[in-house]
Amino acid sequence: MLEKIQKPNDIKKIPADQLPALADEIREFIIESLSKTGGHLASNLGVVELTIAMHRVFDLPKDKLIWDVGHQSYTHKILTGRKDGFETLRREGGISGFPKRSESDCDVFDTGHSSTSISAGVGYVRARELKKENYSVISIIGDGALTGGMAYEALNNAASLKSNFIIVLNDNEMSITENVGGMSSYLSGLRTASAYTDFKMDVTKALNRIPGIGPGMVDAMRKTKSSIKQIIIPGMLFEDMGLTYLGPVDGHNIPQLIKTFQEAKRFEGPILVHVLTQKGRGYEPAMRHPARFHGAGPFDVKTGLPVGKSNPTYTDVFSTVMRKMGDRRKDVAAVTAAMMTGVGLKRFSNMFPDRCFDVGIAEEHAVTFAAALSLGGITPVVAIYSSFLQRAYDQIMHDVCMQNLHVVFAIDRAGLVGYDGETHHGIFDLSYLGSMPNMTILAPKNLWELSDMIKFAVDYDGPIAVRYPRGEAYTGLKEFRAPICLGKSEVIHEGSRVALLAVGSMVKMAEEVQKQLKERMDMDAALVNARFVKPIDEELLRSFADTYELVVTLEENVKDGGFGERVLAFAEEEDLPFGVEIIALPDRFIPHGSVSYQMKQVGFTPEDICGRIEEYYRKQGQEER
């Protein structure tokens, strides 16, 4: 039946009794495809029937489906005619793992981060009202995303809407790992509260049958805070906020879902449809280990085991250091935002549950919470992905740096991240953190240095960030392990004429550049591990004046506001007699693909960097002539 789906709305041609078989076929296709390419498996297997029902009821692209985060949109992509693109899912030039407006007019809002869909939905509804147009707006948000404060800001605003707006709460009891907090407990109660929903539906139907006055009574009831609902479901949060609540609905029962969406479509005002789904449904390994299959690499379909072996990652190293730190220091606590497994804190949580805090998808809260932990005599280590930490910019600035508090930021996924693309690259943190007074920033060259830097950061006194990349930890340069000293770089090789000053992951790249410069230009370049992005090693830079004519900075961060600009500004202030060539990422968003592909696209290969240095000397020669 999948062959019959070639464009949007083709699903409407498939007989209703064949839709469950279509769901099975889609699941089989997703499992088989992702076993080769990798991708977000568990979340997509959980929303197959839900997506089929929405595509059956609504007309795309006229109606607007807005996916929160968007990693669960694979069935949506299939039903809008993009099935053949799954061979290159998340690969260079292929379709994205997230909704992309540039990819299809059925993708109406680019997503990748959490808790944005309701805000976007309210914006579309207001635009529809202003332009007096007629289409449905549906925001699909998971219960995990409801732990994010932005979702409540949007719900509060949505309550004032007078025209139809459908919010689909996809409740699978998880974000990436198990959900936490009061909303999770509240939704657990609603899952068992079908008695209220059945009662409300029966009463509504009965009143509508009364000639003349029935519909008016239904409308009056909708505007009245019913004491009955307060008895059956204490609080009834959503309706108390001004939203009509429908549910819970079985998220794998297509006829029931279709019926519910048809009713929701006719309603005037904001309405929340609470749908219960099972993450990983239809694939036993993903049902047993949904977190493992959140963002999986290629795997064996029969066993669910990953294909190929991998060496320890930087996340693994951080996990080990934190576990040992928890043993040694009773004042050390860990904070994360719904990424316990992703950032490597699961072992720390198991061993020290009272000192490990998962605050949900709430980065802003996590940072201010950590600031107060610090004031209370605790040493908090806040572990968050670089791209997600951007959401807490003001809290880092105002609540941590302005008070000069000892909060350690362990920033995972710094630099280019590959297949998740532009929404997940961690290429701005050196710029936004470097602009903050009192902040200290470090980046390790290899796995041993990450361990040393985390220990240094915990012993430090003040705001401090250690940023490290996704993936396998570098094991080279093991013999270079000088003690970490504030603001001091590590000279790995002294040379002449050119000094390569590399930040973190770029030290490995600089090693190769150094070799190629020897081969191509017979140049013995110095190699320096910067270690500190802020403060920079000013004493070292002054010493370069007697030996080097060119300093080349290398960083996996955008140029604007980065390490290279900091070095250049200092050299100009001190009137140092060497040139500065900045090797940094360009001022644009870099699309998905392998990291090696992305590096080539932005001129971040050893060959490209050597070419830049050769070009510098060509220009110098021309100027001298």
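The rules behind these values
Positions within a chain are numbered from 1, following the residues in the order the chain's sequence is written. For this predicted model, a pLDDT threshold of at least 70 governs which residues receive local features, and a threshold of 80 or more governs which side-chain atom pairs are given and counted, while totals over whole chains, interfaces and linings are taken from all residues. Note that water and hydrogens are dropped before the side-chain values are worked out from all heavy atoms of the structure. Here's how the labels work: a residue is buried when its accessible area is under 20% of the maximum for its type, exposed when over 50%, partly exposed in between, all with a 1.4 Å probe on protein chains only. Helical segments are the DSSP runs of H or I of at least four residues, strand segments are the runs of E of at least two, and each set is numbered from the N terminus. Note: two strands are recorded as paired if DSSP finds a minimum of 2 bridges between them. Look down the strands so they point away from you; if going from the first strand over the helix to the second traces a clockwise path, that crossover is right-handed. Two residues form a contact once any of their heavy atoms are found within 4.5 Å.

J.: Explain the pairing of strand E6 (residues 332-336) residue by residue, including any values.
T.: By the criterion of burial, E6 is predominantly enclosed, with five of the five residues buried. What you see with E6 is no split at all: Val-332, Ala-334 and Thr-336 on one side and Ala-333 and Val-335 on the other are buried throughout. Taken together, the five bridges between E6 and strand E8 (residues 379-385) define a ladder with parallel strand orientation. When the bridges of E8 are listed, Ala-333 appears paired with Pro-380. Bridge analysis of E6 against strand E7 (residues 356-358) gives three bridges, and the strand direction is parallel. The residue bridging Ala-334 from the neighbouring strand is Cys-356, located in E7. Since E6 and E7 lie parallel, the crossover through helix H15 (residues 346-351) that links them has a hand, and here it is right-handed.

J.: Talk me through the environment of Ala-482; I want residue IDs and the actual numbers.
T.: By the secondary structure assignment, Ala-482 is in the loop between strand E11 (464-467) and strand E12 (490-493). On the accessibility criterion, Ala-482 (36% relative accessible area) is partly exposed. Along the sequence, Ala-482 and Ile-210 sit 272 residues apart, while their C-alpha atoms lie 84 Å from each other. Residues within four places of Ala-482 in sequence aside, it is in contact with Glu-490 and Arg-531.

J.: For unusual backbone geometry, give the residues involved together with the corresponding values.
T.: Between Leu-60 and Pro-61 the backbone carries a cis peptide bond, its omega angle lying at 5 degrees. Summarising the element assignment, Pro-61 is placed in the loop between helix H3 (48-57) and strand E1 (64-67). The phi dihedral of Ala-338 is positive, around 65 degrees, even though this residue is not glycine. Secondary-structure assignment places Ala-338 in the loop between E6 and H15. Look at Asn-438: it is not a glycine, yet its phi comes out positive at around 75 degrees. Mapped onto the elements, Asn-438 comes out in the loop between helix H19 (429-434) and strand E10 (440-442). Using a relative accessible area of 39% as the deciding quantity, one classes Asn-438 as partly exposed.

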